[in-house]
Amino acid sequence: MSLVKLGRARLSLVLPYHREQLRAARNPTLYDLFESYALAAQTLDRLLTEHRRREELINEYQALCLDMQAEVIALLKQIELAHLNPEPEVLKDSQPASRGAYSAHRRTVKQPLATGRS
């Protein structure tokens, strides 16, 4: 399964109210978020199953996942508004305002997690 599909599926589970919108979404910015969410959620899963829990990293990845969920919801709302009111001002601003903070985290998510196991 591709990371985009995995991220979309995982977000559908944690955001059931937005499940239909997520299923129908065709947006490159959302695809990036789906992929990044899949990577962050997989990393969080691994952290939670480690014998020596790294609470600081667990908290960081939990916050990252919550931030991405909020960004997905904001982007879905913008997309919905653009379909209801297709004015140029709404269409040209299709990225969430907090995208810059998310982008800084993205580099961290895409790097493999060192498990500390030998």
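The structure presented is a predicted model; accordingly, all values stated were derived computationally and were not measured.

Trainee: Whenever I open this one, the overall build of the protein confuses me. Can you help?
Mentor: Along the backbone of the protein there are six helices and zero strands. Across the 118 residues of the protein, 34% fall into the buried class. Of the contacts formed within the protein by residues at least 6 apart in sequence, a portion of 70% connects residues at least 24 apart. Here the protein has roughly 7,500 Å² of accessible surface; of this, 55% comes from carbon and sulfur atoms.

Trainee: Please explain the packing of helix α3 (residues 28–49) against helix α4 (residues 55–84) as it appears in this structure.
Mentor: To characterise two packed helices, one gives the angle between the axes of the helices and the distance between these axes. The interhelical angle for the contact between α3 and α4, taken along N-to-C directions, is 155°, at an axis separation of 9 Å. With respect to their mutual orientation, α3 and α4 come out roughly antiparallel. Of the two possible hands of crossing, α3 and α4 adopt the one that is left-handed.

Trainee: Which parts of the structure should I look at to understand the side chain of Asn-27?
Mentor: Inspection of the secondary structure assignment puts Asn-27 in the loop between α2 (19–24) and α3. A distance of 2.8 Å separates a polar atom in the side chain of Asn-27 from the backbone nitrogen of Thr-29. For Asn-27, the contacting residues outside a window of four places in its chain are Leu-75 and Ile-79.

Trainee: Can you walk me through the packing of helix α1 (residues 3–14) against α3 in this structure?
Mentor: Remark: α1 packs on α3, axes separated minimally by 7 Å, with the N-to-C direction vectors making an angle of 75°. Of the possible angle classes, the one that applies to α1 and α3 is roughly perpendicular. Here Leu-3, Val-4, Leu-6, Gly-7, Arg-8, Arg-10, Leu-11 and Val-14 of α1 come into contact with α3, specifically with Tyr-31, Phe-34, Glu-35, Tyr-37, Ala-38, Leu-39, Ala-41, Gln-42 and Asp-45. In terms of residue class, the contact of α1 with α3 is built from eleven nonpolar, two polar and four charged.

Trainee: Can you help me understand the pattern of salt bridges in this one?
Mentor: Opposite charge on two side chains makes pairing possible when the charged atoms of those side chains draw close. According to the stated counting rule, one finds four salt bridges in the structure shown. For Glu-20, the salt bridge goes to Arg-23, with nearest N and O atoms at 2.7 Å. With Glu-20 and Arg-23 both in helix α2, this residue pair falls three residues apart, about one helical turn. Overall, the relative accessible area of 56% leaves Glu-20 in the exposed class. A salt bridge links Arg-53 to Glu-55; the nearest nitrogen and oxygen atoms lie 2.8 Å apart. Take Arg-53: its relative accessible area is 44%, and that puts it in the partly exposed class.

Trainee: Explanation requested: the environment of Ala-25 in the structure shown.
Mentor: With respect to the helices and strands, Ala-25 occurs in the loop between α2 and α3. Beyond its immediate chain neighbours, meaning those up to four positions away, Ala-25 contacts Arg-8, Leu-30, Tyr-31 and Leu-76.

Trainee: Whenever I open this one, α3 confuses me. Can you help?
Mentor: For an α-helix, the turn length of 3.6 residues means that residues three or four places apart are oriented alike. For α3, spanning 22 residues, the distance from its first C-alpha to its last is 32 Å, which sits close to the expected 32 Å at 1.5 Å a residue. Two or three places before Thr-29, at the start of α3, stands the capping residue Asn-27, its side-chain oxygen 2.8 Å from that residue's backbone nitrogen.

What counts and what doesn't
Each chain has its residues counted from 1, following the order in which its sequence is written. Local features in a predicted model are, by the rule used here, given only for residues with pLDDT of at least 70; side-chain atom pairs are given and counted only at 80 or more, and totals for whole chains, interfaces and linings are based on all residues. By convention in this description, side-chain values take in all heavy atoms of the structure and omit both hydrogens and water. A run of DSSP states H or I qualifies as a helix once it reaches four residues; a run of E qualifies as a strand once it reaches two. Both are numbered from the N-terminal end. For every residue, the accessible area obtained with a 1.4 Å probe (protein chains only) is divided by the maximum for its type, and the residue is called buried under 20%, exposed over 50%, and partly exposed between those limits. Here a residue-residue contact requires only that any non-hydrogen atoms of the pair lie within 4.5 Å. Working definition of accessibility: Shrake-Rupley area with a 1.4 Å probe, residue cover restricted to the visible protein chains. Only C-alpha atoms enter the line fits that serve as axes; for helices the fit covers just the stretch in contact. Angles between N-to-C directions range over 0 to 180 degrees. Any angle from 65 to 115 degrees is called roughly perpendicular, while one under 35 is roughly parallel, one over 145 is roughly antiparallel, and all others are oblique. Crossings are classed by handedness, with left-handed meaning an anticlockwise turn of the near helix from the far one by less than a right angle and right-handed meaning a clockwise turn. In the analysis that follows, any N or O atom pair within 3.5 Å is treated as a polar contact, provided that within protein one partner can donate a hydrogen and the other can accept it, and provided that, for residues neighboring in sequence, both atoms belong to side chains. Each residue receives one of three labels: charged for Asp, Glu, Lys and Arg, nonpolar for Ala, Val, Leu, Ile, Met, Phe, Trp, Tyr, Cys and Pro, and polar for the others, Gly being one of them. By definition, a salt bridge exists where a carboxyl oxygen of Asp or Glu is found within 4 Å of a side-chain nitrogen of Lys or Arg. Helix span is expected to be 1.5 Å times the residue number reduced by one.

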